[in-house]
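Structural features, examined
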Amino acid sequence: MYAVFPIDGRRLELVQGDITRQEVDAIVNAANPSLLGGGGVDGAIHRAGGPEILAECRQLGGCPPGEARITTGGRLKARYVIHAVGPVYYDGKSGEPETLANAYRRSLELASEHRLHTVAFPSISTGAYGYPVEQAAPIALHTVIDYMRTHPEIELVRFVLYDTPTFEVYRRALGVQAET
Ligand code: ADP
C-alpha cells in the first residue's frame, strides 16, 4: 500500500512495509535512550544491519528523548541510520507532543547536516512506547511537512508503516487516497 503527498515538487510518501529494506540515504530508528538496541523496529534494524551499527552506537553514550544521533548503515541498503528517541507516552499532557515533534525534527536536521536527501521514518513511539497512533500521526506528519517546506534539500521522506491499521491512520491524517 502506498500514498503520496507532493510538497513543492518533492514527495512525502506513506508505504506499508519493513523499514530495514528501504533504499534511501538514511532510515530512522525508533531507538531507546541507551542506543544499545531493543525490540520492535530497533531490533529489526540491528538484526538486518549487523553488529557494526551497535559498535558505533556504543561510542555515542546514549541519546535523550527528543534528540537523535547518526551512525552508518552497516549491511543495510541505507547508508546511514539516524537513531531518534521518542517519548514514552504517559497522558499526552506531559510534554510528549513536543518531544515527539523534536525527535522527527532533529532527525531531519541531522539528514540536512550530512547532505542526505532521502529519509525513511517508522512511526516513532507508537509501539512499545505506547503513544496512541491517532495522536502521534498528525504530529509526525506536520513536523515533517513543516521541515520539508523550509528545507528543499530533503527530496523524499517516506513513512514506512508496519501494519495496515497504522498505515490507515497516517493516510487519513494526511488526507490522501491510497494507490496500489
Ligand atoms: P517505540 O519504542 O518508539 O514505540 P517500536 O519499535 O516499539 O518503537 O514501535 C514503533 C513502530 O514501529 C510500531 O508501529 C511498530 O509496529 C513498527 N515496526 C516494528 N518493526 C518495524 C519494521 N521492521 N519496519 C517498520 N516499522 C516497524
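Look up a bit, the structure's there.
Cut-offs used in this document
All residue numbers refer to positions counted from 1 along the written sequence of the respective chain. Where local features are concerned, this predicted model is filtered to residues with pLDDT of at least 70; where side-chain atom pairs are given and counted, the filter is 80 or more; whole-chain, interface and lining totals use all residues. For the side-chain quantities, the full set of heavy atoms in the structure was used; hydrogens and water were omitted. Paired rings are identified among Phe, Tyr and Trp, the last through its six-membered ring, by centres lying within 6.5 Å, and are further divided according to the angle between planes into stacked (under 30 degrees), edge-to-face (over 60) and tilted (the rest). Per the convention used, a helix needs a DSSP run of H or I reaching at least four residues, while a strand needs a run of E reaching at least two, with both numbered from the N terminus. Here the term buried applies to any residue with accessible area under 20% of the maximum for its type, exposed to any over 50%, and partly exposed to those in between, with areas from a 1.4 Å probe on protein chains only. Whether two residues are in contact is decided by their heavy atoms, any of which lying within 4.5 Å being enough. Throughout, the term near means that a residue has one or more heavy atoms lying within 4 Å of the molecule or strand in question. Counted as a polar contact is a pair of N or O atoms within 3.5 Å, where, for protein atoms, one must be capable of donating a hydrogen and the other of accepting one, and residues adjacent in sequence contribute only when both atoms are in side chains. Accessible areas in this description were obtained via Shrake-Rupley with a 1.4 Å probe; residue shielding takes into account the shown protein chains only.

Take the packing of aromatic side chains next. A complete count under the given rule lists five aromatic pairs for this structure. Centre to centre, the rings of tyrosine 104 and phenylalanine 121 are 4.9 Å apart; their planes meet at 50°, and the pair counts as tilted. Placement of tyrosine 104 in helix α3 (residues 96-113) and of phenylalanine 121 in strand β6 (residues 118-121) is noted, with a sequence separation of 17 residues between them. Residue class for tyrosine 104 comes out buried when judged on its relative accessible area of 0%. Ring pairing ties together the aromatic residues Tyr104, Phe121, Phe159 and Tyr170, which thus form one cluster.

This part is about the environment of alanine 120. The topology assignment puts alanine 120 in strand β6. Look past the residues within four positions of alanine 120 in its chain and what remains in contact with it is Ile19, Gln22, Val24, Ala26, Ile27, Val28, Arg158 and Val160.

To continue, consider the site of the ligand. Close to the ligand lie 16 residues, the nearest being Asp18, Val41, Ser125, Gly127 and Ala128. In this structure, an oxygen atom belonging to the ligand sits 2.8 Å away from a main-chain N or O atom of valine 41. One nitrogen or oxygen atom from the main chain of alanine 128 is found 2.8 Å from an oxygen atom belonging to the ligand. Protein burial of the ligand: of its 570 Å² of free accessible surface, 89% is covered by the chains. In terms of residue count, helix α1 (residues 40-49) provides more of the shell around the ligand than any other element does, three residues in total.

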